[in-house]
Amino acid sequence: MNITVPTPQLRSTDTARVDLLLIADMVTRGARVLDIGCGDGLLLRLLADKHGVDGRGIELSQAGVNTCVAQGLSVIQGDADRDLIYYPDHAFDYVILSQTIQATHRPRLVLEQLLRIGRHVVISFPNFGHWRVRSELLFKGTMPRTDTLPERWYDTPNIHLCTIKDFVALCDDIGAKVERAVALNAYGYRLGVSMPFFMQNLFGQQAVFLLSR
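Residues numbered from 1 in each chain as written. Predicted model: local features only at pLDDT ≥ 70, side-chain atom pairs only at ≥ 80, totals over all residues. Heavy atoms only, no water.

1. Thoughts on the nonpolar core
Stage number 1. Ranked by size, the top nonpolar core spans 32 residues in total, and within it Ile36, Leu111, Leu114, Ile123, Phe125 and Phe167 carry the most contacts.
Stage number 2. Every element with two or more residues in this core is listed here: strand E1 (32–36), strand E4 (92–98), helix H4 (107–117), strand E5 (118–126), helix H6 (164–174) and strand E7 (206–212).
Stage number 3. Examining the composition of this core, we find that six residues originate from one element, H6, more than from any other.
Stage number 4. When near neighbours in sequence (up to four residues on either side) are disregarded, Ile123 contacts Leu97, Ile101, Leu111, Leu114, Phe167, Ala207, Val208 and Phe209.
Stage number 5. By size, the runner-up hydrophobic cluster in this structure holds 21 residues, among which are Val18, Ile23, Val53 and Leu210. (Core = buried A, V, L, I, M, F, W, Y, C linked by side-chain atoms within 4.5 Å. Buried < 20%, exposed > 50% of the residue type's maximum accessible area, 1.4 Å probe, protein only. Helix = DSSP H or I, 4+ residues; strand = E, 2+ residues; numbered from the N terminus. Contact = heavy atoms within 4.5 Å.)

Shown next as structure tokens:
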């Protein structure tokens, strides 16, 4: 019996995961890609369809792994905090960590491992320095909830939230080269490429970075 799995579609108007479209644009055709925290495999399918990549994935949840495997994707169960040490140096052209670094226990170590495994690293994350986040903390005195940070403080998997400024400082600390950085506002639009980091930090609701050594 033949089973047809529909190709997932990501719209540019889907502000929650518009970062995936940016990530796909940063990856070259035919590249070897490792997607860490790949979820239901949407990005891997997008990269395979758009760029013909040789994609692999790691996903913590068994349900996510099952969904990916059912689509014919090469995904194994694993933990970014523990399992990256088993991959050899420069095993992939691109290693991707989308909307996940803030949920890891040791973000610095994870980022160093990513830069060791991949020739290029693509990371996206919600920006805790956005003006709306700041205003909720200042005026309401409560942990903020936004489109990219929708959970209440006691339900969220995020344990190491950071700002764009924080992430740039981390890159400087470990000697990572920022090849490209894109901030998105609350409507999913890219902020101006000439906008300085402190302005991106204020108006960007999420960010996508392309890094290398």
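2. Re the sheet that holds E7
Pairing between the strands of a sheet is mediated by backbone hydrogen bonds and can be parallel or antiparallel.
Stage number 1. Overall, mixed pairing links the seven strands, which are arranged E3-E2-E1-E4-E5-E7-E6 in an open sheet. With one partner strand each, in any of the chains shown, strand E3 (75–77) and strand E6 (177–184) form the two edges of the open sheet. On average, each strand axis in the sheet is inclined to that of its neighbour by 15°, with strand direction left out of account.
Stage number 2. Here helix H1 (residues 19–26) sits on the sheet in contact with E4, E5, E6 and E7, set at roughly 20° to E7. (Pairing = 2+ DSSP bridges. Axes fitted to C-alpha atoms, helices over the stretch in contact; angles between N-to-C directions.)

3. Concerning the confidence of the model for the protein chain
Stage number 1. Mean pLDDT for the protein chain: 89, with 91% of residues reaching 70 or above.
Stage number 2. Predicted confidence for residues 1–16 stays below pLDDT 50, and this span has 22 contacts to residues more than four positions away or in other chains. (pLDDT = per-residue confidence, 0-100.)

4. Quick notes on the pattern of salt bridges
Stage number 1. On inspection of all chains with the given rule, the structure shows seven salt bridges.
Stage number 2. Where Arg116 meets Asp89, a salt bridge forms, and the shortest distance between an N and an O atom there is 2.8 Å. Remark: Asp89 occurs in the loop between E3 and E4 and Arg116 occurs in helix H4; sequence separation between them is 27 residues.
Stage number 3. What makes Arg116 partly exposed here is its relative accessible area of 23%. (Salt bridge = Lys/Arg side-chain N within 4 Å of Asp/Glu carboxyl O.)

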